[in-house]
Amino acid sequence: MRFWWVNHNQTARQEIDGGFLWSPKREASGARSRFYDNMREAAPGDLVLSYSQQAVRFIGQVADYAFTALKPPEFESLGSYWEAEGWLLPVSWLAVERPVSPKSLISKLGPLLPEKYSPIHRETGHGNQKAYLAEVPSTIFQIVAQAAEFPDIDSSRPGANTAPGDLIRELIEDEVEARLKAEPSLSETVRKSVIEARRGQGLFRANVMKVCPACPLTGISNPALLIASHIKPWRVCTTAEERLDGLNGLMLTPDADLLFDRGFIGFREAGEVMVSGRVDREDLRRLGLGHISLSPSGLQDAGALWREQNLQAAQAGYLAYHRENVFLGG
């Protein structure tokens, strides 16, 4: 288990009510941010201190891995300078009994705070500019949780009974579908096809079958056993063409589809399979994918059935997006 501190004064209400955290992927300048990269480091079960209005008011538990998602519509004009696409981390939140001002505890917290990427100033307790999600030692969490009269973390898990990110994904896609239904620039035929593509059906499925008639992970080619899966997720595609493009899809067995969609597997540029270090190898064996084994680099090259000769340049572009934005490294 890891411990995190989030500074989200602007968006705390929306994120607490919605059961998530959301950040851009990069700073407005285009530079990488350790605080945004941390969204991909957080894992289910981790605990998060929520700091807003100069106090820790909520404690949360991460419910699922972060995934790529457009800026939540409930943010409205907040963060107008943020890029539209970012990381969404599902979190289950509980209000603390007594909000805690870090300034009142700074004599205890200061020496324990990380020298680099600290969420608050070590001397004053004020929030650090640009700091969003920062990792903190367990001792920091324990001091704040105790002062907030929060139940013992070993016996009370905020996210224990919370559905994982599937529900949030479904709600996001519902919102996207509603917007598409109201989009005047789409013909009725295109609108119907784009909405069917959300479930891997209709024109999208037919287009993918032409490009990838068999599951590249298992070799199964029976259409009745295959799902048309988007490489760049349907929810973040920006045009109807992307959502219907056969090159933006793979035919996968249901297990492979789930692993690919959640970022537990991916494909290198030449088509070799990659396996995230966050998926249990014994689970892969139980799924009948025991032939996938780790290479010394931590990624996999296990004689995948898909190779460079089967890839087209546009498809390679979509797969690069998946490696960067969906695949769970580490």
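Below, the structure is looked at part by part.

About the cut-offs
- Residues numbered from 1 in each chain as written.
- Predicted model: local features only at pLDDT ≥ 70, side-chain atom pairs only at ≥ 80, totals over all residues.
- Heavy atoms only, no water.
- Core = buried A, V, L, I, M, F, W, Y, C linked by side-chain atoms within 4.5 Å.
- Buried < 20%, exposed > 50% of the residue type's maximum accessible area, 1.4 Å probe, protein only.
- Contact = heavy atoms within 4.5 Å.
- Pairing = 2+ DSSP bridges.
- Helix = DSSP H or I, 4+ residues; strand = E, 2+ residues; numbered from the N terminus.
- Phe/Tyr/Trp six-rings, centres within 6.5 Å; stacked < 30°, edge-to-face > 60°.
- Lys NZ or Arg CZ within 6 Å of the ring centre and 35° of its normal.

**As for the nonpolar core**
Counting 36 residues, the largest nonpolar core has L217, L250, L259 and F260 as the members making the most contacts within it. Residues within four places of L259 in sequence aside, it is in contact with F264, I265, V279, L284, L287 and L289. Grouped together as the second largest cluster of nonpolar side chains are 28 residues, V6, I16, W22 and F75 included.

**Focus: the pairing of strand β6 (residues 85–100)**
Strand direction decides the pairing type here: strand β2 (residues 20–24) and β6, joined by 5 bridges, are antiparallel. Opposite P24, over in β6, you have G86 as the bridge partner. Looking at chain direction, strand β4 (residues 55–62) and β6 are connected through 6 bridges and run antiparallel. Across the sheet, I59 pairs through a bridge with L94, a residue of β6. In terms of strand pairing, strand β5 (residues 67–70) meets β6 through 4 bridges, oriented antiparallel. Its bridge partner being in β6, L70 is matched across the sheet by E85.

**Quick notes on the packing of aromatic side chains**
Summed over all chains, the structure comprises 11 aromatic pairs. Where Y65 meets F264, the ring centres are 5.9 Å apart and the plane angle is 80°; that geometry is what we call edge-to-face. Of this pair, Y65 sits in the loop between β4 and β5 while F264 sits in the loop between α9 (254–261) and β10 (265–267), and the two are 199 residues apart along the sequence. Each member of the pair, Y65 as well as F264, is classed as buried. Taken together through their ring pairs, the aromatic side chains of F20, W22, F75, Y81 and W82 make up a single cluster. The ring of W87 has K25 lying over it, and the distance from NZ or CZ to the ring centre is 4.4 Å. Positioned above the aromatic ring of Y321, the side-chain terminus of K232 is 5.2 Å from the ring centre.

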